[in-house]
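Close look at the chain arrangement
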Amino acid sequence: MSTKDSLSRYAIVLTCLILIPLVTVTVDSENAAKEAMNTALERVLPVLIPCFVLSNIIGATLPEGNGRLSIFTVYSVGATCGNPIGAVLTEKLYQRGCISKKEASLLLPFCSHTSPAFCICIIGKAVLGSSFLGGIMWLFSAITGLIATIVLSKKAKTTASPPKEEIPDIRNAINTAIRNSASASCSVTVLMVFFTSLGSCLGTAFNMSEEVYAFFMGFLELGSATLVASELPIHLRIAACAFSAAFCGLSVFFQICACAPSIPKYPYLVIKCLMAGVALILASVFAPNFDIAIENHVF
């Protein structure tokens, strides 16, 4: 093992040792962890688990080699089901030879975004007071993803290769999908709780203002970020929610790492950072107009 690798490992261990007392002792961190657990159990998992099962079945039954069909299927399921379903399906299709590694790495950030239900019901109606605004935030990711999907599909294989295996047994596909979904659901819950606790203790340790804390939580964990943003003035609330919905948080990134281990992640981070920056700029420019429209009950 090289000296550089050894230093990196020691740095990670030291950082964890420092964070352990902060995460486990502070009251704010404990309360944040409880809120994250409740959010996962009451809002996330009831919707996510059926989507996990269905996406695993789709990934197991699509024919190998049909690139265009595979790419549009991944985009459609990811756009309607939300994170990290698109990543699960992208990994499945890459493993089955439907798409190349380069196509998978470019498709990953565009099929992994916030679901329309979360954008419209949670961000839009509950936090911003406007389902219309929540829909716009979802459309930003959906349209960006659709453009990328069309470009990628033109370069993909258009003819299906001869099947490498017999028609899959649907019973085995369902049983495997359920086992994989249980493991993935546990991973999602643990990551939500961890990053929420981490964000809470760091926010307290550095005495962050409400505005900075809202964007910081948006960088870490999407669900908790929306709760924090709900306390901000409406124009800052719109900007924080737009940033959080576009980037999706490090929690989702690590969910995707677990769901798609064979696909390079560097393009995901770069593209998501660009999307978050564009969303923040657009929200900052149009937020005053939306502020007036919400106050006047235009939408």
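Please read these numbers as outputs of a predicted model, since none were measured by experiment.

**A look at the overall build of the protein chain**
A count of helical and extended segments in the protein chain gives 13 helices and zero strands. Of the regular secondary structure in the protein chain, the N- to C-terminal order runs α-α-α-α-α-α-α-α-α-α-α-α-α. Working note: accessible area of the protein chain is about 14,700 Å², and carbon and sulfur atoms make up 68% of it.

**Here's the deal with unusual backbone geometry**
Positive phi, normally seen in glycine, also occurs at Asn207, with a value near 50°. When you line up the elements, Asn207 lands in the loop between α8 (170–205) and α9 (210–220). Its relative accessible area of 67% is what places Asn207 among the exposed residues. With a phi angle near 80°, Cys248 is a residue other than glycine that sits in the positive phi range.

**Considering the nonpolar core**
Note on soluble globular proteins: their nonpolar side chains tend to be buried together. Counting residues in hydrophobic clusters, the biggest one holds 40 residues, and the most contacted among them are Ile123, Leu128, Met137, Phe195, Ile238 and Cys241. If you list the elements that add at least two residues to this core, you get α3 (67–81), α6 (116–128), α7 (131–155), α8, α9, α10 (222–229), α11 (234–247) and α13 (266–295). In terms of residues, this core owes the most to one element, α11, which gives ten residues.

**Section: the packing of aromatic side chains**
Inspection of the entire model under this criterion finds seven aromatic pairs. Ring centres 5.1 Å apart and planes at 75° place the aromatic pair Phe194 and Phe195 in the edge-to-face group. Overall, Phe194 belongs to the partly exposed group, its relative accessible area being 40%. A residue is classified by how much of its surface remains accessible, and Phe195, at 6% relative accessible area, is buried. Each member of the aromatic cluster is reached from another via a ring pair, and the members are Phe194, Phe195, Phe253, Phe254 and Tyr268.

**Side note on the layout of surface pockets**
When its volume is computed, the largest pocket comes out at roughly 400 Å³. Residue lining of the largest pocket: 20 residues in total, with Val44, Asn83, Ser115, Phe118 and Leu222 positioned closest to the centre. Broken down by secondary-structure element, the contributors of at least two residues to the lining of the largest pocket are α2 (27–61), α6, α8, α10 and α12 (249–259). The class makeup of the residues in the lining of the largest pocket is twelve nonpolar, six polar and two charged. Considering only enclosed or pocket space, the second largest pocket measures out at about 270 Å³ in volume. Taken together, 16 residues line the second largest pocket, and the ones lying closest to its centre are Ile136, Met137, Phe140, Ala279 and Leu282. Counting residues per element, the ones that place at least two in the lining of the second largest pocket are α7, α11 and α13. Considering every element that reaches the lining of the second largest pocket, the biggest residue donor is α7, with seven residues.

**Quick word on the side chain of Ser185**
The topology assignment puts Ser185 in helix α8. In this structure Ser185 comes out as buried when scored by relative accessible area, which is 6%. Filtering out sequence-adjacent residues up to four positions away, Ser185 remains in contact with Leu45, Ile49 and Phe52.

**A word on the environment of Ser200**
The residue Ser200 is located in helix α8 in this model. Sequence spacing of Ser200 and Tyr213 is 13 residues, and the spatial spacing of their C-alpha atoms is 8.7 Å.

How each quantity is defined
- Residues numbered from 1 in each chain as written.
- Predicted model: local features only at pLDDT ≥ 70, side-chain atom pairs only at ≥ 80, totals over all residues.
- Heavy atoms only, no water.
- Helix = DSSP H or I, 4+ residues; strand = E, 2+ residues; numbered from the N terminus.
- Areas by Shrake-Rupley, 256 points an atom, 1.4 Å probe, with all protein chains shown as cover.
- Buried < 20%, exposed > 50% of the residue type's maximum accessible area, 1.4 Å probe, protein only.
- Core = buried A, V, L, I, M, F, W, Y, C linked by side-chain atoms within 4.5 Å.
- Phe/Tyr/Trp six-rings, centres within 6.5 Å; stacked < 30°, edge-to-face > 60°.
- 1 Å grid on protein atoms, 1.4 Å probe; cavity = no way out; pocket = protein on both sides within 12 Å on 5 of 7 lines; lining within 4 Å.
- Points joined across faces, edges and corners; volume = space filled by probe spheres on them.
- Nonpolar A, V, L, I, M, F, W, Y, C, P; charged D, E, K, R; others polar.
- Contact = heavy atoms within 4.5 Å.

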